[in-house]
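Reading the structure
Chain by chain, the residues:
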Amino acid sequence: MALRLVSDFDLRKDVLPWLRSQRAASAAAGARGGGPGVLENNYESLRILNVERNGNIIYTYKDDKGNVFFGLYDCRTRQNEHLYTFEKDLHVVSCSVNSERTLLAASLVHFTKEGRKNELQPGSKCLTLLIEIHPVNNVKVLKAVDSYIWVQFLYPHVESRPLPENHLLLISEEKYIEKFHIRVIQEDGNRVVLKDSGHLPRERVVEDFVWAQWDMSEQRLYYIDLKKSRSVLKCIQFSADEKFNLMFEAPLDITLSDSGFKLVNFGCDDLQDQENLSKHLTLCVFTNHTGTLCVCYSPKFDSWEKITYSVFYFHKGHSKTFTAALGSVDSHVTKGLTFLNLEYYVAVYLPGHFFHLLNIQHPDLICHSLFLTGNNEVVDMLPHGPLQSLSGSLVLDWCSGKLYRAVLNQSYLLQFLWNTQLDCEKMAVLHCVLSCGRDPRFLEAKIIQWISESISACHSFDLIQEFIIASSYWSIYPETSNMDKLLPYSSVLAWNTEIPGITLVTEEIALPFMKVHSFKGYWEKLNSNLEYVKYSKPRLLYNNSMVQREWHSLISEEKTGRRRSMVYVRNILDNAMKVISNLEARNLEPRLTPLFQEEDNHQRLLMGLMVSELKDHLLRHLQGVEKKKIEQMVLDYISKLLDLICQILETSWRKHHLHPRVLHFRRASAAEFTVFHIMTRILEATTSLFLPLPPGFHTLHTILGVHCLPLHNLLHYIDNGVLLLTETAVTRLMKDLDNSEKNEKLKFSIIVRLPPLIGQKICRLWDHPMSSNIISRNHVKRLLVNYKKQPQSSMIDKSPGSVEFLPLNYFIEILTDIESSNQALYAFEGHDNVDAKFVEEAALKHTTMLLGL
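The notes below deal with the structure included here. Because the structure is predicted, anything quoted here is derived from the model rather than measured.

Thresholds, definitions, all that
Residues numbered from 1 in each chain as written. Predicted model: local features only at pLDDT ≥ 70, side-chain atom pairs only at ≥ 80, totals over all residues. Heavy atoms only, no water. Pairing = 2+ DSSP bridges. Helix = DSSP H or I, 4+ residues; strand = E, 2+ residues; numbered from the N terminus. Axes fitted to C-alpha atoms, helices over the stretch in contact; angles between N-to-C directions. Contact = heavy atoms within 4.5 Å. Core = buried A, V, L, I, M, F, W, Y, C linked by side-chain atoms within 4.5 Å. Buried < 20%, exposed > 50% of the residue type's maximum accessible area, 1.4 Å probe, protein only. Phe/Tyr/Trp six-rings, centres within 6.5 Å; stacked < 30°, edge-to-face > 60°. Lys NZ or Arg CZ within 6 Å of the ring centre and 35° of its normal.

**What to know about the sheet that holds strand S24 (residues 338-341)**
Here we have four strands laid out as an open sheet, ordered S24-S25-S26-S27, and antiparallel in their pairing. Each having just a single partner strand, S24 and strand S27 (370-373) make up the two edges of the open sheet. Between one strand axis and the next, the sheet turns by 15 degrees as a mean value, whatever way the strands run. Helix H4 (residues 423-436) rests against strand S25 (345-350), strand S26 (354-359) and S27 of the sheet, and its axis sits at about 115 degrees to S27.

Shown next as structure tokens:
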């Protein structure tokens, strides 16, 4: 199952044993009516009424006489508490208890077999009561009306001390919401009673609404009213200072009836006909701590051949309307669509048909969301009964009396990753797994193992590239808000391939109009998201284009012998050293792969430049974050990039039992072929994004290339920039390989492709006429670059043992004269052991070889 429901509470396990023990204790004491004395055949009346902000669960049950009992389950202590007994056969509509457990609010109705209305108050259907329960004392009637009433105490963010005033919301079926101000006082020690119970101040909060949802965790009320037949979503935030504010208004392009009435999360509503849920619209609002605001909407079902549902991503400025094909459906299937809040995802579930995991943090591309259909695991993934999505990924199955915490199932997703054949599913599941956040090192190891086995099985995107970008993003994302706007989430910028079984239409929507001007917490983040949608064109995502230009400029200056300020270059290399130190500090386990064993200035320059550019990028756009924290985040991000590359290599290295002796030249094994292929794919992935590689990567890659490739393929890889000839790799090649005919050809082919400065060093390591010839040519070229012809004597002095070859003798004499006049200069440049005599010997040897003598 992609989604796992972890049980937090179960009526039958957490409450029923306690009730039985209470009944047994009451029976033994001969108690009558004072405690929870229920009979076995009345246990089915046990049901959940409400889940309060602090997690406490209120439930009710009836005894054999029909008396109504209210109980509370404390989620922290795992203990049950009897709150109150109502000695009448009534049906409980709604119930709430204040945070101190001193007051209980309840609304009840009385149904008789003849259908008469409530006998307690003639002419009324619903009785709303406020009860003192610390200890049980007075009962005050708040309302006795012909319409249903729901109650909800507010739970403000305050220290754990008694509040002098409590606040209670009353939600009426007549489409208004009132707020009661209830003051309490202490008498006779701990006895808590109502103060001035004859007059409780109240005020209207909302009027003329057609839909409302309560967010218990954040104490927010979402509601919709109709303005000129247009649906407008509004939100009220309740604060600890007794105030409430209208936070925003947002037009919704949905059709609601003025005669309709729907409540979400105001306790457990069993007044509706749950068997006909599919005939009614589904609407709910989801938020998370990053400032997202999603409205999920499914209209009434018109056909069982397909189903349509929409998600309004207000924090992104667009909506997506999905149409899922259902095919032939059994006539008895009448379950409704369920939306579940999973923090970074919203799950859309139709029992027996499909499961859609929507990425609400990055909803732009459909490939980042997972759509599953047509298999038994999807059919049986979740309970088929109605599920109620509460705050904080809590899911209430009120039919069975169970409260779950919904989490993405890592083991299932990892298994699915191995088995799926569709690229879109690989992409979606990869991001799902990484977003889980639990034990990232373990998850990364499993994904790397999968990548190693499936490296060529993905055609729509680069697996290594996507993994490196996504995993680096999630490693730094929790550090601060707005990272989703500043760092790349995916390497894929567009997706044009259809997702089997589903189609979508994307539309721009009007942004919420904020009604306040001072923001804190969630509202500050939501406002930041809305401001970004309004004003940030083009997007602010970081890329390495500036780094690429600057790096090429520095390398070009190095080749031409020009180099800008040494202080500038030293600062860049210092940045790289910080990255490497940060990486080594985070990874204490020894590595088998021979990386980080050489300077590799080119990669260090790239690392250092990326540190500088990324730091400037974040400093520009992350307001209010300390510079020191940003600098550390940059080091962590780039260290993570490099670490992931090292992990991929390390996994392959261990899997194929390679040893550092691979650096010595010999015949390649099948394992080395495999590792070489993986290194080539890593290089492709990083090159297109211009990401740095661990120092030593190119050396190792080239050595494996020499092992694995025929000469013509090897030279093709070198000429096309796939293999880079580092000084370390070529030095090892010159020292390790003998001068057989095959190796001579390889060495010469390598030397002529080296940059001049490195080529001169390498030639001195190869004791061979060919290298002597190259050294001599370079020496002569350097001597004659500024040579001006001077009048010479017609007589050439011949030293003993000189060769009778006048052109050569004349040329050597010219070189000797130039060397004599520039002796100090060439001694300073370190051209020892290379002089006119060396050139003469090399020329004669080369001529002898050409003549075959």
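**Observations regarding the nonpolar core**
Ranked by internal contacts, the top residues of the largest apolar core, which has 152 residues, are Phe354 and Ile447. Counting residues per element, this core draws most heavily on helix H12 (residues 627-655), at 14 residues. By size, the runner-up hydrophobic cluster in this structure holds 77 residues, among which are Cys95, Leu170, Leu396 and Leu403.

**Regarding the packing of aromatic side chains**
This structure, assessed with the given rule, holds 28 aromatic pairs. Taking the centre distance of 6.3 Å and the plane angle of 25 degrees together, the rings of tyrosine 59 and tyrosine 61 count as stacked. You'll find tyrosine 59 and tyrosine 61 in the same group, each marked buried. Their ring planes at 70 degrees and their centres at 5.5 Å tell us that tryptophan 551 and phenylalanine 690 sit as a pair that is edge-to-face. Taken as a pair, tryptophan 551 in helix H9 (residues 545-560) and phenylalanine 690 in the loop between helix H13 (670-689) and helix H14 (697-708) lie far apart in primary sequence, 139 residues in all. Among the residues examined, tryptophan 551 registers a relative accessible area of 14% and is labelled buried. The positively charged end of arginine 220 is found above the aromatic ring belonging to tyrosine 522, 4.2 Å away from the centroid. Lying over the aromatic face of tyrosine 532, lysine 485 brings its terminal NZ or CZ to 5.9 Å of the ring centre.

**Examining the environment of threonine 680**
Within the element layout of this structure, threonine 680 appears in helix H13. Linking threonine 680 and valine 722, residues 42 residues apart in sequence, is a C-alpha distance of 7.5 Å. When neighbours within four sequence positions are excluded, threonine 680 is seen to be in contact with His701 and Val722.

**A look at the sheet that holds strand S29 (residues 394-397)**
Sheet architecture is open: four strands sit in the order S1-S30-S29-S28, paired in antiparallel fashion. Two strands bound the open sheet, and with one partner strand each, they are strand S1 (3-10) and strand S28 (388-389). Of the pairings in the sheet, the one linking S28 to S29 comprises two bridges and is antiparallel in character. When the bridges of S29 are listed, serine 389 appears paired with valine 395.

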